[in-house]
Amino acid sequence: MKIQTFDTRPVALTIKKIVRENENTNTYVFDYPLGARSGQFVMLWIPGVDEKPFSVAYDNGTEFWLTICRVGPATKELFKLKEGDKVGVRGPFGTNYEFKKGDKVALVAGGYGAAPMYFCAHEAVKAGAEVDFIVGARSEDLLLFTHKVSGLSDVDLHIATDDGSCGFKGYTTQVLEKLFKKKKFNKVCTCGPEIMEKFVGEIAEKHGVDAEISVEKYMKCGFGVCGQCVIDDSGEPICKKGCVMKYSYLKRMPEFGKYHRDAQGKKHNF
Ligand SMILES: Cc1cc2nc3c(=O)[nH]c(=O)nc-3n(C[C@H](O)[C@H](O)[C@H](O)COP(=O)(O)OP(=O)(O)OC[C@H]3O[C@@H](n4cnc5c(N)ncnc54)[C@H](O)[C@@H]3O)c2cc1C
Ligand code: FES
């Protein structure tokens, strides 16, 4: 999990392609050698609107993807942009996942976390690791990237939906528990809702693995200057110390898995 070098100045990039993943999720493709590793994020400036953090969903050295859900004012405006329109990008920022030959990896993804975990699976396979990819959503229509993941060699895909409309009926964490009964993993990585991430951390710890967790906190600068994303009680900025962090560290933070702070610093319980 080493910190990468980065550029804090935005570059103006043209949206090369927009892929509709589902009703409220698009993947934006850019022709640009971003040089991101899996787990890293960028600050995306939507001209005239705002600048927001998004994880890198793929980077092959010449092209990178961002997979974005329409949730509020900034992402609603982003969804109005078309192929050929311009946005600003700063980054890549933060720590990343690392894999080596022979690693036995469980990746656990929830919601839009499936996209950055796909990038993770890609890098793990390239390094010579074996991967079990667990992805969950409330229902089949909300699942993301399952076709892309099933196209990767050396990756076993496990799907969980809350309503049982696809794969296992239940949670990704239940699938992880079951897999641990059959297999040994030396690495567990996760990206998704913080409550899910906390359970993944606990399960992995029970089986002797210190999970690597992608943590999201409200971000403004993205590189450790403004103090917005500092986690209680460490005083450390998540954008610089993370986003990929070890569960053994996070479990000591009273904030992790319990609440997050908004732009004004006000607490909101999960
Ligand atoms: C490191 C990181 C990686 C992320 N990766 C992705 C991704 O790959 N795909 C994706 O769809 N979303 C991702 N997000 C979340 C994304 O930043 C928010 O959904 C987006 O900022 C919402 O803005 P909005 O104005 O549309 O909605 P709002 O209504 O303003 O917010 C909706 C939700 O997003 C959170 N949010 C809003 N602004 C920020 C901010 N500046 N920093 C962090 N959270 C914020 C709010 O707390 C709220 O929970 C990521 C967040 C972080 C911190
Ligand atoms: S977002 Fe500014 S310190 Fe992390």
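The structure presented is a predicted model; accordingly, all values stated were derived computationally and were not measured.

Rules used in this analysis
- Residues numbered from 1 in each chain as written.
- Chains lettered and ligands numbered in written order.
- Predicted model: local features only at pLDDT ≥ 70, side-chain atom pairs only at ≥ 80, totals over all residues.
- Helix = DSSP H or I, 4+ residues; strand = E, 2+ residues; numbered from the N terminus.
- Rg over C-alpha atoms; globule rule 2.2 N^0.38 Å.
- Buried ≥ 20, exposed ≤ 12 C-beta atoms within 10 Å, placed from the backbone.
- Contact = placed C-beta atoms within 7 Å.
- Axes fitted to C-alpha atoms, helices over the stretch in contact; angles between N-to-C directions.
- Parallel < 35°, antiparallel > 145°, perpendicular 65-115°, else oblique.
- Left-handed = near helix turned anticlockwise from the far one by under 90°.
- Pairing = 2+ DSSP bridges.

A. Expanded view of the overall build of the protein. Counting its regular elements, the protein contains seven helices and 18 strands. Its C-alpha atoms give the protein a radius of gyration of 18 Å, within 12% of the compact-globule value 18 Å for 270 residues. With respect to the principal axes defined by its C-alpha atoms, the protein has extents near 50 × 40 × 35 Å. Counting the 270 residues in the protein, one finds 47% classified as buried. Partitioning the contacts of the protein with sequence separation of at least 6, the portion at a separation of at least 24 is 66%.

B. Quick peek at the packing of helix 4 (residues 172–182) against helix 5 (residues 194–206). One can describe the packing of helix 4 onto helix 5 by two numbers: an axis separation of 10 Å at closest approach and a directional angle of 15°. Comparing their axes, helix 5 and helix 4 come out roughly parallel. Here helix 4 and helix 5 pass one another in a crossing that is right-handed. Between helix 4 and helix 5, the contacting residues are Thr 172, Thr 173, Leu 176, Glu 177 and Phe 180 on the first element and Met 196, Phe 199, Val 200 and Ile 203 on the second.

C. Geometry of the pairing of strand 10 (residues 155–161). With five of seven residues buried, strand 10 lies mostly within the body of the structure. Here strand 9 (residues 130–137) pairs with strand 10 via seven bridges, running parallel. Its bridge partner lying in strand 10, Ile 134 is registered against His 158.

D. A look at the sheet that holds strand 10. Here we have seven strands laid out as an open sheet, ordered 11-10-9-8-12-13-16, and mixed in their pairing. Each end of this open sheet is capped by a strand with a single partner; those strands are strand 11 (168–169) and strand 16 (244–246). Pairing geometry for strand 13 (residues 212–214) and strand 16, over three bridges, is antiparallel. Directly across from Ser 214, in strand 16, lies its bridge partner Val 244. Seen against the sheet, helix 5 touches strand 8 (104–110), strand 12 (187–191) and strand 13 and runs at an angle of roughly 170° to strand 12.

E. Region of interest: the sheet that holds strand 3 (residues 25–31). Spatial ordering of the open sheet is given by 1-7-4-5-6-3-2, a layout of seven strands whose pairing is antiparallel. The open sheet has two edge strands, strand 1 (11–14) and strand 2 (17–22), and neither has a second partner. For this sheet, the mean angle separating the axes of adjacent strands, direction not counted, is 40°. In the sheet, strand 3 pairs with strand 6 (residues 63–69) via seven bridges, with the strands oriented antiparallel. Across the sheet, Val 29 pairs through a bridge with Trp 65, a residue of strand 6.

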